Structure formats: structure tokens, C-alpha cells
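Per-entry structural report
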Amino acid sequence: MYTAVAIDGPVGAGKSTIARECAKRLGFIYVDTGAMYRGIGLYCDNTGVDISDDNAVERALSDIALEIKLEDGTQHIILNGKDVSEDIRRPHISMAASKVSAIPAVRKFLLELQRSFADNNNVIMDGRDIGTVVLPNAQVKIYLTADDEIRAKRRYDELIAKGEQVAYEDVLADLRQRDYNDMNRAVAPLKQADDAVLADTSGLDFDGSVALIENIIKSRAKLL
Ligand code: DC
């Protein structure tokens, strides 16, 4: 019997960095499902598939092979044989991922791949619908959030550190738009599962956030 931890929340709440660190400490594998939607957004961007045309995106799925490889706890995403782990992080791919993720066929395409990780591993999986749809029986569910201006500032700092040319106001506007899309789509919208613990990291730094989440996981999964 494996333990599954589902972490959902809005853009830039720190889900992936916190989840990766907690997984390392607990010896779980970490699965980032947002990267999978980003892989599909990237494919459409690279090949000129119109992401506002649901049917075109659905047809493109048969040309997409996505593979997830875990190397030393780091997830690599392979799109049609090429490692695109860096490319999927570009800012305009974030919005493309949010748009394609509203298409039911895209969600269906990724669901089995996502669930397969929890079948054979102790897993921490993050995304938008992990506690509500992907792993509804997860032993631990966390809804991780923070004030939107704090999330935007963290995201802005990350992008600047990577050498991207961005303005804080644009990062904030994009984040709000993406949260709106993700919370208001018809299929598997982002929302807190009834049985999820709410964790707000607005006043916490990275170490404080990791300690908070690690404690929730340990107490809920009875690992203490
Ligand atoms: O977590 P992220 O920012 O890398 O995710 C990119 C987009 O993918 C996000 O805006 C919404 C979508 N997504 C989703 O719909 N469901 C998930 N489980 C994970 C991500």
C-alpha cells in the first residue's frame, strides 16, 4: 500500500519547489503534473496548432508522445524523444498550458499517465485537480496558496534570475488571468478538495513553508 500526497493550488504558490524538497526528505517520488500540460502547450506552440481550436488540439494529441523520467528526484519531461524540461518553463508556454488544460480531451489524455505514478510509488503529486480528480483517495491533500501579489513577486524574481525580460505588472496580470482560467473552466477546475488542509505561505519563507508542509504530511500520513 503506497502513500499519496496531493498538493493543489494557484499559480506560483511554491507547490513544485516545496513538494520536491518534501519528497526528498520523505523518500517519496515527486510528480509535477503542470509540466505535462506545459508539454502539450509547447507542442502546439512549436507546430503551429491553434490552441483556441479545441478540435485541432484534440487531433494533435495522437502525434504527441510524452514521457516522464525521474533522475535523482528531478523530473524530466520528454516530448517526442526530446528533453523539453527547460523549454516548457518559458512564460508564454505557461498561458498555453493553462488554455489547453481546459480541453476535456487533453485532461483525459494525461489522466492515466498521472495515476500510474501513484500505483507503484509513494508519491507527492502537485497540480490543480490532484486531490479532487486525479487521486481522490490520496491519504493527504493540501491546498497550498499565498496572496497573489506575493506569488507574483516570487515568480517575477525567479524569471529575472533566469534572465527573462519581464515586468512585475505583466507577471501579476498573467498570474491572475491564469488563476481565473484554471478556477473557472468546466472540467476539473482548481478548487480546494473538501478534505484538503489549507496551507497559506504568505508570511513564510521557503524553509518555513517546507516545514509546514512536511509536518502536515507526516501527521496526516501518520509518519510521525
Ligand atoms: O503548475 P503549472 O503552472 O506548471 O501548470 C501549468 C498549467 O497547467 C496551469 O495553469 C493549469 C494546468 N494544470 C492543470 O490544469 N491541472 C493540473 N493538475 C496541473 C496543471
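Described below are features of the structure shown in this document.

**As for the overall build of the protein**
Across its full length, the protein holds nine helices and eight strands. At 17 Å, the protein has a C-alpha radius of gyration in line with the 17 Å of a compact globule built from 224 residues. The buried share of the protein, reckoned over its 224 residues, is 49%. Sequence separation of 24 or more characterises 74% of the internal contacts of the protein that already satisfy a separation of 6 or more. Only carbon and sulfur atoms are counted for the fraction: they give 48% of the accessible area of the protein, which is about 10,900 Å². Of the charged side chains in the protein, 28 are positive and 36 negative, and the gap between their average positions amounts to 3 Å.

**Overview of the sheet that holds strand E2 (residues 29-32)**
Read from one edge to the other, the open sheet built from five strands follows the order E2-E6-E1-E7-E8, with strand pairing classed as parallel. Two strands lie at the open edges of the sheet, namely E2 and strand E8 (197-200), each paired on one side alone. Each strand of the sheet is rotated relative to its neighbour by a mean of 20 degrees, with strand direction disregarded. Two elements, E2 and strand E6 (residues 123-127), share four bridges in a ladder whose sense is parallel.

**Things to note about the site of the ligand**
As a structural note, the neighbourhood of the ligand is formed by 16 residues, with Arg38, Arg107, Arg178, Asp182 and Arg185 the closest of them. Here an oxygen atom of the ligand and a side-chain polar atom of arginine 128 are 2.9 Å apart. Measuring from an oxygen atom of the ligand, one finds a side-chain N or O atom of aspartate 182 at 2.8 Å. Protein chains shield 96% of the accessible area of the ligand, which is 450 Å² for the free molecule. Where the shell around the ligand is concerned, the elements lending two or more residues are helix H2 (34-47), helix H4 (91-100) and helix H8 (168-184).

Here is what the cut-offs are and how they apply
- Residues numbered from 1 in each chain as written.
- Predicted model: local features only at pLDDT ≥ 70, side-chain atom pairs only at ≥ 80, totals over all residues.
- Heavy atoms only, no water.
- Helix = DSSP H or I, 4+ residues; strand = E, 2+ residues; numbered from the N terminus.
- Rg over C-alpha atoms; globule rule 2.2 N^0.38 Å.
- Buried < 20%, exposed > 50% of the residue type's maximum accessible area, 1.4 Å probe, protein only.
- Contact = heavy atoms within 4.5 Å.
- Areas by Shrake-Rupley, 256 points an atom, 1.4 Å probe, with all protein chains shown as cover.
- Lys, Arg positive; Asp, Glu negative; His and termini not counted.
- Charge placed at Lys NZ, Arg CZ, Asp CG, Glu CD.
- Pairing = 2+ DSSP bridges.
- Axes fitted to C-alpha atoms, helices over the stretch in contact; angles between N-to-C directions.
- Near = heavy atom within 4 Å.
- Polar contact = N/O pair within 3.5 Å; in protein donor to acceptor, adjacent residues only side chain to side chain.

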